[in-house]
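Each chain is listed here by its residues.
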Amino acid sequence: MNEKIIIEGGKKLRGEVTIGGAKNAVLKLMAAALLLDDICEIHNVPALADVKTMLEVINKLGVKSEYNENEKFIKIDATNITSCTASYEYVSKMRASFITLGALLGRCNEAKVALPGGCAIGERRIDFHIKGLESLGAKVKIEGGYVVATATKLVGSEITLDRPSVGATENIMLAAVLAEGSTIINNAAQEPEIIDLANFLNAIGADVSGAGSSEIIINGVSQKDLHPAVYTTIPDRIEAGTYMAAIVASRGKAVIKNVFPNHLSAVISKLTELGANVSIIDPFSLEVSCPARPKAVNIVTQPYPGFPTDMQSPLMAVLSTAKGISIINESIYENRFRQIAELRRMGADVQQEGSHAIVKGVRSLTGVQLKASDLRAGASLVIAGLCANGTSEIEGLIHLDRGYENIIEKFTMLGADIKRVKIKDTNINNVKNNKRKQKV
Ligand code: EPU
């Protein structure tokens, strides 16, 4: 049965919240585990629908896995890979499973992975992935909706990305680990999740350096150099940023724990500019507060270390009640403003002009019925609901569940009035159909 979130807005968020492991890191580590013909263990795994989908994907390839959700770890035994195909069923559910392409190609010299296609937030092409794998010596063709990559052997090469794509950097890194010789990725993505992937690969015996800079070097090693490891993934900087934005929007004061503050520099700097106080308490926690109405600020989303596109929608919810006019320039995705229509229904004054959104801050928002269209748009609506007057009801939780673990529990701990309820089937035809089915 479908569910929705109900929020009674207007509570100032207070207390503390603990951040989980990074979705966009752990999914890639799970794919990277395919390179190892042995067992590895990943810790600080967040309880997310996407993690379960990735487990299904790798299990289908022959992996044996054990997921302990309470203890937040996964054991992955990829000793026997029995299939090199990641089917459309999974890739269409979760684009991140496309990252199995580089790992399977590296491990088996062949991979067949469904083309991910576009998604709710943009076209999301894969041309850099393909060019990168081809320059390592793979033959890549698109056949029946699948990317089919084969190689007699992969040989390291120098690759310059047209733009620092996170996924392309990761797919090339994974394919290059067991290639002959060295691979250099120029204009590589510098996100913390890339560093995490490099650290994991090095923990299992790979030779990767430069991650976190624009030049990554992967010196190929042989399969026998790889070995088991136990690895703990980084905290989720976007989950942390989302709670920070919510605390600011509610004019509250709270501590964010299990976070790496340096991963959030661009977000901290924007929140400070709009009038919030952010203080780093220790290397793993920070305190956020915003006693007064935030000021308008301008935002341009950029690859790391710039302001993250994943924080654009959450920040828009904050700016919709800020004092003055904010201009948001979304430079990464073509279609990441899907929260605007919903925020406007709450009384926000936001206009989209191409890749720009003009946000004229209003004094307050009003709770209404809402629908999340994608993960971060969903987060934006939750934040808006938390600071609105009255009741908001948010549907489309399938998106939120992909990236925010225990969101109800975490916001409740911060003092929000938020709950999750089942949606009653009020459609008269469905009721009649169900009765008919029962009779048969
Ligand atoms: N692009 C190309 N060609 C390519 C690859 C990318 O044109 O071959 C373009 C894309 O169309 C997009 C831009 O480059 O416009 C950036 O794409 P990138 O490859 O960097 O993103 P990604 O790897 O597909 C990851 C995260 C996203 C996050 C982006 C940017 C995962 C699973 N996803 O996507 O996270 O927005 O990096 O930081 O790691 C989310 O968590 O909500 C989310 C969408």
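What comes next concerns the included structure.

What counts and what doesn't
Residue positions are given per chain, counted from 1 along the sequence in the order it is written. Given that the model is predicted, a residue must reach a pLDDT of at least 70 before its local features are reported, and side-chain atom pairs must reach 80 or more before they are shown or counted; all residues, however, enter totals for whole chains, interfaces and linings. Heavy atoms from the whole structure form the basis of all side-chain values; hydrogens and water molecules are not counted. Helical segments are the DSSP runs of H or I of at least four residues, strand segments are the runs of E of at least two, and each set is numbered from the N terminus. Atoms counted for the radius of gyration: C-alpha only. Globule rule: 2.2 Å times residue count to the power 0.38. Burial here depends on accessible area, computed with a 1.4 Å probe over protein chains only, as a share of the maximum for the residue type. Under 20% is buried, over 50% is exposed, and the range in between is partly exposed. In what follows, a contact means two residues having at least one pair of non-hydrogen atoms within 4.5 Å. Calculation of accessible area relied on Shrake-Rupley with a 1.4 Å probe; when residues are assessed, cover is drawn exclusively from the protein chains displayed. We count Lys and Arg on the positive side and Asp and Glu on the negative side, and we leave His and both chain ends out. Charge placement uses NZ in Lys and CZ in Arg. For Asp and Glu, CG and CD serve respectively. Any two strands with at least two DSSP-identified bridges between them are counted as paired. To get an axis, a line is fitted to the C-alpha atoms, and for a helix only the part in contact is used. The angle between two axes follows their N-to-C directions and goes from 0 to 180 degrees. Each angle receives one of four descriptions, namely roughly parallel if under 35 degrees, roughly antiparallel if over 145, roughly perpendicular if within 65 to 115, and oblique otherwise. Take the far helix as your reference; a near helix turned counterclockwise from it by less than a right angle gives a left-handed crossing, and one turned clockwise gives a right-handed crossing. As a working rule, the residues Ala, Val, Leu, Ile, Met, Phe, Trp, Tyr, Cys and Pro are called nonpolar, Asp, Glu, Lys and Arg charged, and the rest polar, with Gly in that last group. One less than the number of residues in a helix, times 1.5 Å, gives the span that helix is expected to have. A pocket here means an open set of points on a 1 Å grid, computed over the protein atoms alone, that has protein on both sides within 12 Å along at least five of seven lines. A cavity is instead a set of points where a 1.4 Å probe fits but cannot get out; residues with an atom within 4 Å of a point line either one. Grid points are joined across faces, edges and corners, and a volume is the space filled by probe spheres set on the points. Any Lys or Arg side-chain nitrogen found within 4 Å of a carboxyl oxygen on Asp or Glu counts as a salt bridge. Proximity criterion: a residue is near a molecule or strand once any of its heavy atoms comes within 4 Å of it. N or O atoms closer than or at 3.5 Å make up a polar contact, with two conditions inside protein: a donor-capable atom paired with an acceptor-capable one, and, for residues adjacent in sequence, both atoms drawn from side chains. Bear in mind that the domain bounds are from an automatic or database domain assignment. Any cysteine sulfur atom paired with another within 2.5 Å is treated as part of a disulfide.

## Description of the overall build of the protein
Scanning the protein for helices and strands turns up 15 helices and 24 strands. Rg of the C-alpha trace for the protein: 22 Å, near the compact-globule value of 22 Å for 440 residues, within the 12% margin. Its C-alpha atoms give the protein principal-axis dimensions of about 65 × 65 × 40 Å. Counting over 440 residues, the protein shows a buried share of 55%. When contacts within the protein are restricted to residue pairs at least 6 apart in sequence, those whose partners lie at least 24 apart make up 73%. For the protein, the exposed area adds up to about 17900 Å²; of that, 49% sits on carbon and sulfur atoms. If the 50 positive side-chain charges of the protein are averaged to one point and the 47 negative ones to another, these points end up 9 Å apart.

## A few points about the sheet that holds strand 6 (residues 85-86)
Strand order in the open sheet formed by four strands is 6-7-9-8, with mixed pairing between adjacent strands. For this open sheet the edge positions go to strand 6 and strand 8 (139-143), each flanked by a neighbour on one side alone. In terms of strand pairing, strand 7 (residues 110-114) meets strand 9 (residues 146-150) through five bridges, oriented antiparallel. For E110, the partnering residue across the bridge sits in strand 9 and is T150.

## With respect to the packing of helix 4 (residues 100-108) against helix 6 (residues 166-176)
Remark: helix 4 packs on helix 6, axes separated minimally by 7 Å, with the N-to-C direction vectors making an angle of 10°. When the axes of helix 4 and helix 6 are compared, the pair comes out roughly parallel. Helix 6 is crossed by helix 4, and the crossing has right-handed handedness. Together, L101, G102, A103 and G106 of helix 4 and N171, L174 and A175 of helix 6 make up the contact between the two elements. For the contact of helix 4 with helix 6, a count of residues per class yields four nonpolar, three polar and no charged.

## A look at helix 2 (residues 49-60)
The first and last C-alpha atoms of helix 2 sit 17 Å apart over 12 residues, in line with the 16 Å expected at 1.5 Å per residue. Immediately beyond the C-terminal end of helix 2, within one or two residues, lies G62, with a positive phi of roughly 110°.

## Re the layout of surface pockets
In this structure, the second largest pocket spans a volume of roughly 220 Å³. Forming the walls of the second largest pocket are 13 residues, and the residues nearest its centre are A47, D401, Y404, N406 and R420. Secondary-structure elements contributing two or more residues to the lining of the second largest pocket are helix 2 and helix 14 (407-413). The element that contributes the greatest number of residues to the lining of the second largest pocket is helix 14, accounting for three residues.

## Observations concerning the pattern of salt bridges
Taken as a whole and assessed by the stated rule, the structure comprises 21 salt bridges. With its nearest N and O atoms 3.4 Å apart, the salt bridge here joins K422 to E3. With K422 in strand 24 (residues 417-422) and E3 in strand 1 (residues 3-8), this residue pair connects regions lying 419 residues apart in the sequence. Classification of E3 by relative accessible area gives partly exposed; the value is 23%. D50 is the partner of R402 in a salt bridge, and the nearest nitrogen-oxygen pair spans 2.8 Å.

## What about the site of the ligand?
Around the ligand lies a shell of 23 residues, among which K28, D127, S165, D310 and I332 are the nearest. Within the side chain of R124, a nitrogen or oxygen atom sits 3.0 Å from an oxygen atom of the ligand. Contacts to the ligand include F128, whose backbone N or O atom sits 2.8 Å from an oxygen atom. Relative to its unbound accessible area of 830 Å², the ligand is 88% covered by the protein chains. Contributions of two or more residues to the shell around the ligand are made by helix 1 (23-32), helix 5 (127-135), helix 6 and helix 12 (375-387). Counted by class, the shell around the ligand contains eight nonpolar, five polar and 10 charged residues. Mapped onto the domain boundaries, the shell around the ligand takes at least three residues apiece from domain 1 (3-20 + 235-422) and domain 2 (23-232).

## Some remarks on the sheet that holds strand 3 (residues 39-43)
Taken together, four strands build an open sheet; the order of strands is 4-5-3-14 and the sheet is mixed. The strands lining the two open edges of the sheet, one partner per strand, are strand 4 (64-68) and strand 14 (230-232). Across the sheet, the mean angle separating the axes of adjacent strands is 15° when strand polarity is ignored. Strand direction decides the pairing type here: strand 3 and strand 14, joined by three bridges, are parallel. Following the sheet pairing, H43 is matched in strand 14 by T232. Where helix 7 (residues 192-203) meets the sheet, its contacts fall on strand 3 and strand 14, and the angle it forms with strand 14 comes to roughly 165°.

## Re the state of the cysteines
Disulfide: a covalent bond formed between the sulfur atoms of two cysteine residues. On inspection of all chains with the given rule, the structure shows zero disulfides. C290 carries a free sulfur, and the closest cysteine sulfur to it, the one in C387, is 11 Å from it.

All we've got here are geometric facts, nothing functional implied.
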